[in-house]
Amino acid sequence: MIRRPPRSTLSDDRRQRQMCIRDRISLQNAGLSSFDLMQFHTWEDSWLADDGWFQKLIGLKDQGLINAIGISINRWEPWNGVEAVNSGLIDAVQVIYNIFDQNPDDELIPACRQNDVGFIARVPFDEGTLTGNITLETTWPEEDWRSTYFVPANLKSSVAHADALKPLVPDEMSMAEMAIRFILAEPAVSTIIPGMRKLHHVQQNLANSDAAPLDDELLNELKKHRWDRTPTEWSQ
């Protein structure tokens, strides 16, 4: 496991004041009186060294402007949030979790269970790979960020991992449905953030969440497809 040095800090009081100002601006723009959850993105556990940010958020909670505090963890760094979960300071964590990215099972999910912290799974389809629709010939417009994420080496490897899953997809099920239901089989998962650009995507995701659990045999086979990766210059 590679643990790099922290990239930034939350100890700057100016940043903390700006955070509170932007929360009020966001509420005004949304036409809401409060947010259910306010999250820090690109979280670093080193930020726990100064709890000034937490005191500012507690102030927002006391004013009724937010109801819960959360963090969003960087791609392929689920370890970089375990201390925050164990600190008792946060209510929820958002992290990549899917058939390939199962490493939150090692430390993060046990910590969430122990501390009753909500678990939000994002990137359930591995940026599209787990829909089974991406091939070696797939391309994206230059302005689509996936054109820089699926560099040739990543595209080739991603397609190979997805192809290895196809024999496991039950006849009555799509790979995307299998991917969602795999995540829902983990009791610690509070909710999932899937991409839903079309109405039928919404309808299908809702139906998947209401479906019966995947059988244990299939779950055990899918667990064998864990794919541990480390951040690179293209992983964003």
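Placed above this text is the structure.
Just so it is clear, the structure is predicted and the values come from calculations on it, not from any experiment.

A. Region of the structure containing the overall build of the protein. When helices and strands are counted, the protein shows nine helices and five strands. When its helices and strands are written in sequence order, the protein yields α-β-α-β-α-β-α-β-α-α-α-β-α-α. A globule of 236 residues ought to have a C-alpha radius of gyration of about 18 Å, and the protein, at 19 Å, matches this closely. Reported as C-alpha extents along the three principal axes, the dimensions of the protein are approximately 55 × 40 × 35 Å.

B. Just the packing of aromatic side chains, in detail. Enumeration according to the criterion identifies 12 aromatic pairs in this entry. Between the aromatic rings of Phe 40 and Trp 43, the centroid separation amounts to 6.1 Å while the plane-to-plane angle is 45°, which identifies the pairing as tilted. Assigned by exposure class, Phe 40 and Trp 43 land together as buried. Ring centres 5.1 Å apart and planes at 85° place the aromatic pair Trp 43 and Trp 47 in the edge-to-face group. We note that Trp 43, like Trp 47, is buried. Members of the aromatic cluster, joined through ring pairs, are Trp 76, Trp 140, Trp 145, Tyr 149, Phe 150 and Trp 234. We note Arg 229 situated over the ring of Trp 227; from NZ or CZ to the ring centre the distance is 3.8 Å.

C. Structural view of the sheet that holds strand S4 (residues 118–122). Sheet architecture is open: five strands sit in the order S1-S2-S3-S4-S5, paired in parallel fashion. Edge positions in the open sheet fall to strand S1 (38–40) and strand S5 (189–193), since each of these has one partner strand only. Here the strands of the sheet are splayed against their neighbours by 25° on average, with no regard to which way each runs. Relative to strand S2 (residues 69–72), S1 runs parallel, the two sharing three bridges. Note that in S2 the partner of Phe 40 across the bridge is Ile 71.

D. Region of interest: the nonpolar core. One finds Leu 57, Val 93, Ile 99, Leu 108, Phe 119 and Met 178 to be the most contacted residues of the largest nonpolar core, which totals 52 residues. Residue contributions to this core peak at six residues, all from helix H7 (residues 175–184). Excluding anything up to four places from it in sequence, Phe 119 contacts Val 93, Val 95, Tyr 97, Pro 104, Leu 108, Ile 109, Cys 112, Ala 188, Val 189, Ser 190 and Thr 191. Trp 76, Ile 134, Tyr 149 and Val 159 belong to the second-largest nonpolar core, a separate cluster that totals eight residues.

E. Structural view of the side chain of Asp 144. One can find Asp 144 in the loop between S4 and helix H5 (146–149). Residue Asp 144 is classed as buried on the basis of its relative accessible area of 16%. Within the local environment of Asp 144, its side chain forms a polar contact with the side chain of Arg 146, the two groups lying 2.8 Å apart.

F. Up close: the pattern of salt bridges. For the structure shown, the criterion picks out 11 salt bridges. Across the pair Glu 177 and Arg 181 runs a salt bridge whose closest N-O atoms are separated by 2.7 Å. In this pair, Glu 177 and Arg 181 both sit in helix H7, four residues apart, roughly one turn of the helix. On the accessibility criterion, Glu 177 (13% relative accessible area) is buried. Assessed through its relative accessible area of 12%, Arg 181 is described here as buried. In this structure, a network of salt bridges that share partners links the residues Asp 101, Asp 126 and Arg 229.

Reading the values: the criteria
Note on numbering: residues in each chain are counted from 1, in written sequence order. Given that this is a predicted model, residues contribute local features only at a pLDDT of at least 70 and side-chain atom pairs are listed and counted only at 80 or more, while totals for whole chains, interfaces and linings are drawn from all residues. The side-chain numbers reported here are obtained from all heavy atoms of the structure, hydrogens and water having been left aside. Runs of H or I in DSSP of at least four residues are treated as helices and runs of E of at least two as strands, each being numbered from the N terminus. C-alpha atoms define the radius of gyration, and 2.2 Å times the number of residues to the power 0.38 defines the globule rule. Pairing of aromatic rings covers Phe, Tyr and Trp, the last counted by its six-membered ring, and requires centre-to-centre distances within 6.5 Å; plane angles under 30 degrees mean stacked, over 60 mean edge-to-face, and any other angle means tilted. Burial classification: accessible surface area is computed with a 1.4 Å probe over protein chains only, and a residue below 20% of its type maximum counts as buried, one above 50% as exposed, and the rest as partly exposed. Criterion for a charge above a ring: Lys NZ or Arg CZ within 6 Å of the ring centre, and within 35 degrees of the ring normal. The pairing criterion is simple: DSSP has to find at least two bridges between the two strands. The convention used is that axes are lines fitted to C-alpha atoms, helices contributing only their stretch in contact, and that angles between N-to-C directions extend from 0 to 180 degrees. Buried residues of nine kinds, namely Ala, Val, Leu, Ile, Met, Phe, Trp, Tyr and Cys, make up a nonpolar core once their side-chain atoms join them within 4.5 Å. Should any heavy atoms of two residues lie within 4.5 Å, those residues are counted as being in contact. Polar contacts, as used here, are pairs of N or O atoms within 3.5 Å; protein pairs need one atom able to donate a hydrogen and one able to accept it. Residues neighboring in sequence count only if both atoms are side-chain atoms. Definition used for salt bridges: Asp or Glu carboxyl oxygen within 4 Å of a side-chain nitrogen of Lys or Arg.

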